[in-house]
Amino acid sequence: MTDPVRVWRRLADASVLLDGFHALKHAVRFGAEVPVAVTDDRRAALALADELAPDVRDALDALLAEVPTATYRSLVPRPHPTAVAALAVRPPRAAHLGRLAHLPRTAPVVVLDNPRNLGNAGAVIRLAAGFGATGVVTTGTLDPWHPTVVRGGAGLHFATAVERLDVDELPPGPVFALDPEGEDIRGLKLPDEALLAFGSERSGLSRALRARADHLVALPMRPQVSSYNLATSVAMTLYHWSATGGAPHPR
Ligand SMILES: C[S@@+](CC[C@H](N)C(=O)[O-])C[C@H]1O[C@@H](n2cnc3c(N)ncnc32)[C@H](O)[C@@H]1O
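Predicted model, so just to flag it, every value in this text is computed and none were measured.

Trainee: I keep staring at the site of the ligand and nothing clicks. Help me out?
Mentor: Around the ligand lies a shell of 17 residues, among which L178, G199, G204, L219 and Y228 are the nearest. Listed by contribution, the elements that provide at least two residues to the shell around the ligand are β8 (175-184) and α10 (230-243). Here the element with the most residues in the shell around the ligand is β8; it accounts for three residues. Looking at the shell around the ligand, its residues break down into nine nonpolar, six polar and two charged.

Trainee: How should I be thinking about unusual backbone geometry in this particular structure?
Mentor: Glycine aside, residues mostly have negative phi, and peptide bonds are mostly found in the trans state. A cis amide bond, omega -5°, links L103 with the succeeding residue P104. Among the secondary structure elements, P104 is positioned in the loop between α6 (93-101) and β5 (109-113). Notably, N114 is not glycine yet its phi reads approximately 55°, a positive angle. Among the secondary structure elements, N114 is positioned in the loop between β5 and α7 (118-131).

Trainee: Honestly, the sheet that holds strand β6 (residues 135-139) in this entry has me stumped. Any pointers?
Mentor: Remark on secondary structure: sheet strands pair via backbone hydrogen bonds, oriented parallel or antiparallel. Pairing in this open sheet of six strands is parallel, and the strands run β7-β6-β5-β9-β8-β10 from one edge to the other. Where the open sheet ends on each side, the last strands, each with one partner, are β7 (161-164) and β10 (215-218). Geometrically, the sheet is characterised by an average inter-axis angle of 30° between neighbouring strands, direction not taken into account. As judged from the four bridges shared by β5 and strand β9 (residues 195-198), these two strands associate in the parallel manner. The residue bridging V110 from the neighbouring strand is L196, located in β9. Helix-sheet contacts for α10 involve β5, β8 and β9, and the interaxial angle to β9 is about 155°.

Thresholds, definitions, all that
In every chain, residue numbers begin from 1 and rise along the written sequence. This being a predicted model, a pLDDT of at least 70 is required before a residue's local features are given, and a value of 80 or more before pairs of side-chain atoms are given or counted; all residues contribute to the totals for chains, interfaces and linings. Here, nearness is defined through the C-beta atom: a residue counts as near a molecule or strand if that backbone-placed atom lies within 6 Å of it. Here a strand is any run of E in DSSP of at least two residues, a helix any run of H or I of at least four, and the numbering for each starts at the N terminus. Residue type decides the class: Asp, Glu, Lys and Arg count as charged, Ala, Val, Leu, Ile, Met, Phe, Trp, Tyr, Cys and Pro as nonpolar, and the leftover types, Gly among them, as polar. Whether two strands pair depends on DSSP finding at least two bridges between them. Only the stretch in contact is used when a helix axis is fitted, and all axes are lines through C-alpha atoms; the angle between N-to-C directions ranges over 0 to 180 degrees. Each residue is represented by a C-beta atom placed from its backbone, and any two residues with such atoms within 7 Å are regarded as in contact.

Any functional reading would require information that these geometric values do not contain.
Here it is in structure tokens:
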């Protein structure tokens, strides 16, 4: 039998770390290739699967190797309460770019223009997965596959197309850029083909993104409040898209 620790050490640098049971569950559910998964308590992990994820229980049973607690702790930067960790293969960029560029689209692409906060990026990827968005594109230097973003996204990077691009490489489609100075979102229907663009936590929309925008859109907000948090802005906008006829994926 292959030694999971040797496989782990060989693959770790080039793989996506799935930190915790929920990240592994989501990644498997959405078709990630997972060459190695470990836990210090297989029985507890499979009991969680029975309770929370019977659809992937057999897959997890086949994947999970039990290792001593000290070994598990040596493989991860921070132990997770579920003591489950796995490595996944990052999906090929070309496949994502194809999905992002494909028209007609059945759901918008979310664009984060130079986001700074890894936790916000993870929360947005989780939202995009939940609403069935076509993908999440980031501009700027933040790596949307950074381990902290993957942790924040609960393994849902595998449920949507996540890539970093420059503004001049954005996929086709009308850009609806969110900005407090824009037109009230409540009077608008956001098309499925839209790129929904959000500015940086520090400085809002960049000049380049504003130049590419077809519409500026505002979320309702009292005048005394300067702005909303980035991830909550994405949540409200995707909710508005779905509530005005955007089609969430069938369950
Ligand atoms: C934290 S805000 C940016 C605040 C930044 N200090 C600025 O000068 O714009 C991050 C992003 O969330 C979106 N956002 C926040 N509040 C909004 C609102 N009321 N209407 C539309 N978009 C909003 C915008 O895309 C904004 O660029």
